[in-house]
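Summary of structural features
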Amino acid sequence: MTTITLKNYAEDRWVTGSGDLAELRSAVTGDVVALTSSRGLDFAGMARFAREQGGPALRALTFHQRAGMLKALAEALTARKPDLYELSYETGATKGDTWIDVDGGIGTFAVYQSKGRRELPDNRILIDGNLEGLSRGGTFQGLHVYTSLQGVAVHINAFNFPVWGMLEKLAPTFLAGVPAIV
């Protein structure tokens, strides 16, 4: 297996960490399979980018458009499953572990994209209940609506299921129109 250098997707571009890269070793052979680092990333800049650019871009999309984005991501990951399986084996995972992690994560995206298209409106808001009269003459009325939260979600992922764990957090976050840092 060729050693790969893992990059970080930050502020709409791929960034290689700076300084000495950490060696990620195969649990099977002990060989270095990847190099990585988050040194040099501007975390404050990432949060600012998420709030100022990523969030508004996601909130401008309807639930159905965001669901389409999840579908496209699931299809892209499905096309790369053999590579993901091979990398997963290097962690010491069994075939069953790998299947649950990779296919479970992709399946989570598929489920959320389907729920987004079937259960949510092709709109940016979700209406909760009916119009309520709040005054005797009906001149004052109220309606509850759900909209995307402002800000950024920060997800910390466990190591036991690196694909599924991350994707099960990202799917509802993106569908809700909120950018995320993992």
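Described in the following lines is the structure provided in the data block. What you see is a predicted model, and the numbers here were worked out from it, not measured in a lab. Residue positions are given per chain, counting from 1 as you read along its sequence in written order. In view of the model being predicted, local features appear only for residues whose pLDDT reaches at least 70, and side-chain atom pairs are presented and counted only at 80 or more, with totals across whole chains, interfaces and linings using the full set of residues. Hydrogen atoms and water are omitted, and side-chain values are computed over all heavy atoms in the structure.

**Examining the packing of aromatic side chains**
Stacked, tilted and edge-to-face are the three classes applied to pairs of Phe, Tyr and Trp rings, where Trp contributes its six-membered ring and a pair requires centres within 6.5 Å; stacked means planes under 30 degrees apart, edge-to-face means over 60, and tilted covers the rest. Counted under the stated rule, the structure contains 2 aromatic pairs. With centroids separated by 6.1 Å and ring planes inclined at 70 degrees, the aromatic side chains of Phe 161 and Trp 164 adopt a geometry described as edge-to-face. The class of Phe 161 is partly exposed, set by a relative accessible area of 28%. Taking NZ or CZ as reference, Arg 66 lies 5.1 Å from the ring centre of Phe 63, over its face. For each residue, the accessible area found with a 1.4 Å probe, counting protein chains only, is set against the maximum for its type, and the residue is called buried under 20%, exposed over 50%, and partly exposed in between. Any Lys NZ or Arg CZ found within 6 Å of a ring centre and within 35 degrees of that ring's normal is scored as a charge over the ring.

**Structural notes on the nonpolar core**
The definition of a nonpolar core used throughout is a set of buried Ala, Val, Leu, Ile, Met, Phe, Trp, Tyr and Cys residues joined through side-chain atoms within 4.5 Å. Grouped together as the largest cluster of nonpolar side chains are 13 residues, with contacts concentrated most on Leu 70, Phe 109, Leu 167, Leu 170 and Phe 174. The numbering of helices and of strands both runs from the N terminus, where a helix is a DSSP run of H or I of at least 4 residues and a strand a run of E of at least 2. Those elements that provide at least two residues to this core are α2 (63-79), α4 (95-119) and α5 (162-175). Here the element with the most residues in this core is α5; it accounts for 6 residues. Here a residue-residue contact requires only that any non-hydrogen atoms of the pair lie within 4.5 Å. Excluding anything up to four places from it in sequence, Leu 70 contacts Phe 109, Tyr 112, Gln 113, Ala 171, Phe 174 and Leu 175. Counting 6 residues, the second-largest nonpolar core is a separate cluster that includes Ala 10, Val 15, Met 46 and Ala 47.

**Quick word on the pattern of salt bridges**
A pair is scored as a salt bridge if a Lys or Arg side-chain nitrogen falls within 4 Å of a carboxyl oxygen belonging to Asp or Glu. Considering all chains together, one arrives at 5 salt bridges under this definition. When the shortest N-O distance is used, the salt bridge between Arg 25 and Glu 23 registers 2.8 Å. Between Glu 119 and Lys 115 there is a salt bridge; the shortest N-O distance is 3.1 Å. With a gap of 4 residues between them, Glu 119 and Lys 115 both fall in helix α4, about one helical turn apart. Judged by relative accessible area, Glu 119 falls into the partly exposed class, the value being 48%. Where salt bridges share partners, they join Lys 115, Arg 118 and Glu 119 into one cluster.

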